[in-house]
Amino acid sequence: MASCSGTSEQLLNHVYAREIYDQLSRVEQRCATLRTLGYTSGEVAGALLLTTAAVDKIMQRLRDRFRK
């Protein structure tokens with residue numbers, strides 16, 4: 001039976017992404033969301049009153065934490 005909401009792989013990826021998202025702090029959630037939506041590190045930094053380097057470091061730590 002065909003799914004109208006995506007392939008099984010897409011649904012599983014969505015579940016994994018949601019589980020990871022729920023483990024993040026509020027600042028990490030906002031950084032990840034804005035970067036995923038295509039905002040630059042500079043734009044995210046301005047919105048969250050952080051430095052661009054801080055945004056980049058947050059994103060790097062998130063990638064490192066969840067790649068394991």
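The shown structure was predicted, so the numbers you read here are calculated from the model rather than taken from an experiment. Each chain has its residues counted from 1, running along the sequence as written. Per-residue local features of the predicted model are confined to residues with pLDDT of at least 70, and side-chain atom pairs are confined, for both listing and counting, to 80 or more; whole-chain, interface and lining totals are unaffected and use all residues. The side-chain figures draw on all heavy atoms in the structure; neither hydrogens nor water molecules are used.

Considerations on the overall build of the protein
- Numbered from the N terminus, helices here are DSSP runs of H or I no shorter than four residues, and strands are runs of E no shorter than two. Check the secondary structure of the protein and you find 4 helices and 0 strands.
- Ordered by position in the sequence, the α and β elements of the protein form the string α-α-α-α.
- Values of the radius of gyration come from C-alpha atoms, whereas the globule rule sets the reference at 2.2 Å times the count of residues to the power 0.38. Against the globule reference of 11 Å for 68 residues, the protein gives a C-alpha radius of gyration of 14 Å, more extended than a compact globule.
- In terms of overall dimensions, the protein has a C-alpha envelope of 50 × 25 × 15 Å along the principal axes.
- Here the protein holds 68 residues, and the buried ones make up 21% of them.
- A separation threshold of at least 6 residues defines the contact pool for the protein, and within that pool the share at least 24 residues apart is 38%.
- Each accessible area is a Shrake-Rupley estimate made with a 1.4 Å probe; only the visible protein chains count as cover when residues are assessed. Summing over all exposed atoms, the protein offers an accessible surface of approximately 5,400 Å²; the carbon and sulfur share of this is 55%.
- Counting rule for charge: Lys and Arg are taken as positive, Asp and Glu as negative, and neither His nor the chain ends is counted. Positions of charges follow a simple convention, taking NZ of Lys, CZ of Arg, CG of Asp or CD of Glu. Of the charged side chains in the protein, 10 are positive and 7 negative; the average position of the first set lies 5 Å away from that of the second. Type-normalised accessible area, obtained with a 1.4 Å probe on protein chains alone, sets the label of each residue: buried when under 20%, exposed when over 50%, and partly exposed for intermediate values. Note on definitions: a residue-residue contact is assigned when non-hydrogen atoms from the two residues lie within 4.5 Å.

So, the side chain of serine 41
- Here serine 41 is to be found in helix H3 (residues 41-48).
- You can call serine 41 buried: its relative accessible area is 11%.
- Side-chain polar atoms of serine 41 contact the side chain of aspartate 56, separated by 2.5 Å.
- Sequence-distant contacts of serine 41, that is, excluding residues within four places in its chain, are made with Arg35, Thr52, Val55 and Asp56. Any pair of N or O atoms that falls within 3.5 Å is considered a polar contact. Within protein, one atom must be able to donate a hydrogen and the other to accept it, and sequence-neighbouring residues count only if both atoms are side-chain atoms.

Structural notes on the confidence of the model for the protein
- Of the residues in the protein, 94% reach a pLDDT of 70 or more, and the chain-wide mean stands at 91.
- For every residue, the predictor states its confidence as a pLDDT score lying anywhere from 0 to 100. The least confident element of the protein, judged by mean pLDDT, is helix H1 (residues 8-22) at 90; the most confident is H3 at 97.

What to know about the nonpolar core
- Residues Leu24, Cys31, Ala32, Leu34, Val44, Ala45, Leu48, Val55, Ile58, Met59 and Leu62 constitute the largest nonpolar core, which totals 11 residues.
- Elements with a contribution of two residues or more to this core: helix H2 (26-36), H3 and helix H4 (52-67).
- Residue contributions to this core peak at 4 residues, all from H4.
- Excluding anything up to four places from it in sequence, methionine 59 contacts Cys31, Ala32 and Arg35. In plain words, nonpolar cores are sets of buried Ala, Val, Leu, Ile, Met, Phe, Trp, Tyr and Cys residues tied together by side-chain atoms within 4.5 Å.

Topic: a nonpolar patch on the surface
- Each patch is assembled from residues with relative accessible area greater than 30% and no salt bridge, linking like charges that lie within 9 Å and nonpolar side chains (Val, Leu, Ile, Met, Phe, Trp, Tyr) that lie within 5 Å. Only one rule defines a salt bridge in this text: a Lys or Arg side-chain nitrogen within 4 Å of an Asp or Glu carboxyl oxygen. Among the surface-exposed residues, Leu12, Val15 and Tyr16 lie close enough to one another that they form a single nonpolar patch of about 270 Å² accessible area.
- Relative to the helices and strands, valine 15 is located in helix H1.
- By relative accessible area, valine 15 is classed as partly exposed at 40%.

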